[in-house]
Amino acid sequence: MSKVKAAVFASGAGSNFQSIMESSNLPCEISLLVCDRPGASVIEKADKLGVPTYVFNPKEYGSKQEFEGTLVSKLQDLNVSWIFLAGYMRIVGPTLLNAFEGKIVNIHPSLLPDFPGKDAIGQAYKAGVKKTGVTVHYIDAGIDTGPIIAQESVEVLENDTEETLKKRIQQVEHQLYPKVIQQIVK
Ligand code: GAR
């Protein structure tokens, strides 16, 4: 029997995309990598892994509704039922949200609801917290809000720099996201 189809959305380096692709026993097929930043390194990673890519520049569209409408058609054509946001640095609008209700998941590098938005690791580091972490959650219309599926904490060590903290947080992300996908995809 063929597996359920999913798409990963990313805007940057793509380390989470790679960890999803390399995880064993993935319950779905990653049919498409969607990227909103032409030239982002994740595109090269997808090419190397043989995953088809859909790259677009939001500036070339009149509105979010317009580019999300194009995306929805593309994803429906491919029979995609799940969307995993992995460093997709854009707020998802109603067009995509309504078409994939309850089927869009995001990973965020903090213990939400703390430090939503951009540079969550830098925000936590500068705030001097002793503990931060990773959250995987279903998305809603807000910024890094929506029902939480899993969280894992990461201790901030005495001698941590932002870089060393980021490295440990990303190691946790790379384990947690594939694990959550295995739990929720049926
Ligand atoms: C990840 O740390 C992810 O949690 C974060 O972007 C990074 C992408 O790294 N996402 C957010 O901050 C969402 N608000 P990657 O491209 O190497 O996977």
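Above this text you will find the structure in question.
Here's the deal with the overall build of the chain
Alright, step 1. A count of helices and strands for the chain gives 6 helices and 7 strands.
Alright, step 2. Against the compact-globule benchmark of 16 Å for 186 residues, the chain has a radius of gyration of 16 Å, which places it among compact chains.
Alright, step 3. Reported as C-alpha extents along the three principal axes, the dimensions of the chain are approximately 50 × 40 × 30 Å.
Alright, step 4. By sequence separation, contacts in the chain at least 24 residues apart represent 60% of the contacts at least 6 residues apart.
Alright, step 5. A total of about 9500 Å² of accessible surface is found on the chain, and carbon and sulfur atoms cover 50% of it.
Alright, step 6. Computed over 19 positive and 21 negative side-chain charges, the separation of the two mean positions in the chain equals 2 Å.

Let's talk about the layout of surface pockets
Alright, step 1. One number sums up the size of the largest pocket: a volume of about 900 Å³.
Alright, step 2. What lines the largest pocket is a set of 38 residues, and nearest its centre among them are Gly87, Tyr88, Met89, His108 and Pro109.
Alright, step 3. For the lining of the largest pocket, the secondary structure elements donating two or more residues are α1 (15–22), β5 (104–108), α5 (120–127) and α6 (162–184).
Alright, step 4. Considering every element that reaches the lining of the largest pocket, the biggest residue donor is α6, with 5 residues.
Alright, step 5. Residue composition of the lining of the largest pocket, by class: 14 nonpolar, 14 polar and 10 charged.

Some thoughts on the site of the ligand
Alright, step 1. With respect to spatial proximity, 13 residues lie near the ligand, and among them Gly14, Ser15, Asn16, His108 and Glu173 are the closest.
Alright, step 2. Within the backbone of Asn16, a nitrogen or oxygen atom sits 2.9 Å from an oxygen atom of the ligand.
Alright, step 3. Between His108 and the ligand, the recorded distance is 3.0 Å, taken from a side-chain N or O atom to a nitrogen atom.
Alright, step 4. Surface burial for the ligand is 88%, taken as the share of its 450 Å² of free accessible area covered by protein chains.
Alright, step 5. A majority-of-atoms criterion places the ligand in the largest pocket.
Alright, step 6. Put simply, the parts of the chain that give the shell around the ligand at least two residues each are α1, β5 and α6.
Alright, step 7. Broken down by class, the residue content of the shell around the ligand amounts to 4 nonpolar, 7 polar and 2 charged.

Parameters and conventions
- Residues numbered from 1 in each chain as written.
- Predicted model: local features only at pLDDT ≥ 70, side-chain atom pairs only at ≥ 80, totals over all residues.
- Heavy atoms only, no water.
- Helix = DSSP H or I, 4+ residues; strand = E, 2+ residues; numbered from the N terminus.
- Rg over C-alpha atoms; globule rule 2.2 N^0.38 Å.
- Contact = heavy atoms within 4.5 Å.
- Areas by Shrake-Rupley, 256 points an atom, 1.4 Å probe, with all protein chains shown as cover.
- Lys, Arg positive; Asp, Glu negative; His and termini not counted.
- Charge placed at Lys NZ, Arg CZ, Asp CG, Glu CD.
- 1 Å grid on protein atoms, 1.4 Å probe; cavity = no way out; pocket = protein on both sides within 12 Å on 5 of 7 lines; lining within 4 Å.
- Points joined across faces, edges and corners; volume = space filled by probe spheres on them.
- Nonpolar A, V, L, I, M, F, W, Y, C, P; charged D, E, K, R; others polar.
- Near = heavy atom within 4 Å.
- Polar contact = N/O pair within 3.5 Å; in protein donor to acceptor, adjacent residues only side chain to side chain.
- Sits in = over half its atoms within 2 Å of the grid points.

That is the geometry; function is a separate question.
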